[in-house]
Amino acid sequence: SYDRFEQWTKIPASLDPELSVVIPAYNEAARIIPTIVSIAAMLSARTLDFEIILSDDGSSDDTARVVRNLGLRNLIVLAPGVNRGKGAAVRAGVRAANGRRILFSDADMSTPIREVGELMHRLDGGADVAIGSRAADGAVEQSKPLFRRIFSWGWRRITRVGLGLDIADTQCGFKLFTREAADALFSAGRIDGFSFDAELLFLSARFGFDVAEV
């Protein structure tokens, strides 16, 4: 797997890789390198043809610089220098992606990258969108403060009742899209802030996309 990883760092991926991983980031200089290396190492071991896109949201630290300094051949850095919100950063990353499937994953890797296998399995089975969930059957949350648990519970109730979404967890930062679904959803999306996730899932329902919650 190390040979595959080393090859990924030096040899360009195909023009339509199997997977693009979009990582939105804001002031993540202290932990972004382990995140990128972990993702690249795991996907290399799976022998996937993939690219990683770091979409910086106007960080005031050295996030973009330290990532560029890695010099990895299939790592793209987007750094417009403006703080526009997580939704805008993810949207920019998706628009730059070349992959047949597009994953966006939070920079803190609160959902381990190894879980992408199950999401890809759901797309293989016909889903258009597969999302990680901290509230679906079998999910386990660790080390989350009580106030965040209460906020998450309240937000889930709002999105389920207010938006009519039959989704237990709209906000988990680990979502995989087919190319077709990503193009449609991120072209139609308008929200730049944290609630962009709920908008994507609302639009998925409107467009008739099949969403699998994992």
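Residues numbered from 1 in each chain as written. Predicted model: local features only at pLDDT ≥ 70, side-chain atom pairs only at ≥ 80, totals over all residues. Heavy atoms only, no water.

Enquirer: Looking at this structure, I do not really get helix 2 (residues 32-45). What am I missing?
Expert: Residues separated by three or four positions in an α-helix point in the same direction, a consequence of the helix having 3.6 residues per turn. Over its 14 residues, helix 2 extends 20 Å from the first C-alpha to the last, a length consistent with the 20 Å expected when each residue adds 1.5 Å. The complete set of buried residues in helix 2 reads Ile32, Thr35, Ile36, Ile39, Ala40, Met42, Leu43 and Ser44. The secondary structure elements touched by the buried residues of helix 2 are helix 1 (2-10), strand 1 (19-25), strand 2 (50-56), helix 3 (63-68), strand 3 (75-78) and helix 5 (116-124). Downstream of helix 2 by a residue or two, Thr47 has a phi angle that is positive, lying close to 55°. (Helix = DSSP H or I, 4+ residues; strand = E, 2+ residues; numbered from the N terminus. Expected span 1.5 Å × (residues − 1). Buried < 20%, exposed > 50% of the residue type's maximum accessible area, 1.4 Å probe, protein only. Contact = heavy atoms within 4.5 Å.)

Enquirer: Honestly, the pattern of salt bridges in this entry has me stumped. Any pointers?
Expert: When the charged atoms of two side chains with opposite charge come close together, those side chains can pair. Here the structure, examined in full by the defined rule, presents twelve salt bridges. Of the charged contacts, one joins Asp106 and Lys86 as a salt bridge, the two residues approaching to 2.7 Å between their closest N and O atoms. Pair noted here: Asp106 is in the loop between strand 4 (101-105) and helix 5 and Lys86 is in helix 4 (residues 86-96), with a separation of 20 residues, a long-range link. By relative accessible area, Asp106 is classed as buried at 16%. (Salt bridge = Lys/Arg side-chain N within 4 Å of Asp/Glu carboxyl O.)

Enquirer: Looking at this structure, how should I read helix 1?
Expert: Turning to helix 1, its buried residues are Phe5, Trp8 and Thr9. Here the buried residues of helix 1 occupy an arc of 100° about the axis, which is enough to place them on one side. Turned more than 90 degrees away from the buried face of helix 1, the exposed residues are Asp3 and Lys10. Check the buried side of helix 1 and you find it contacts helix 2, strand 2 and strand 3. (Arc of directions from axis to C-beta.)

Enquirer: Which parts of the structure should I look at to understand the side chain of Thr111?
Expert: Among the structural elements, Thr111 can be located in the loop between strand 4 and helix 5. Of the residues examined, Thr111 reaches a relative accessible area of 14% and is grouped as buried. Look past the residues within four positions of Thr111 in its chain and what remains in contact with it is Cys172 and Phe174.

Enquirer: Help me out: how do you make sense of the packing of aromatic side chains in this one?
Expert: Two measures describe an aromatic ring pair: the distance that separates the ring centres and the angle between the ring planes. This structure, assessed with the given rule, holds five aromatic pairs. Between Phe177 and Phe186, the aromatic rings sit 5.4 Å apart at their centres with planes inclined by 75°, giving edge-to-face as the arrangement. On the accessibility criterion, Phe186 (4% relative accessible area) is buried. (Phe/Tyr/Trp six-rings, centres within 6.5 Å; stacked < 30°, edge-to-face > 60°.)

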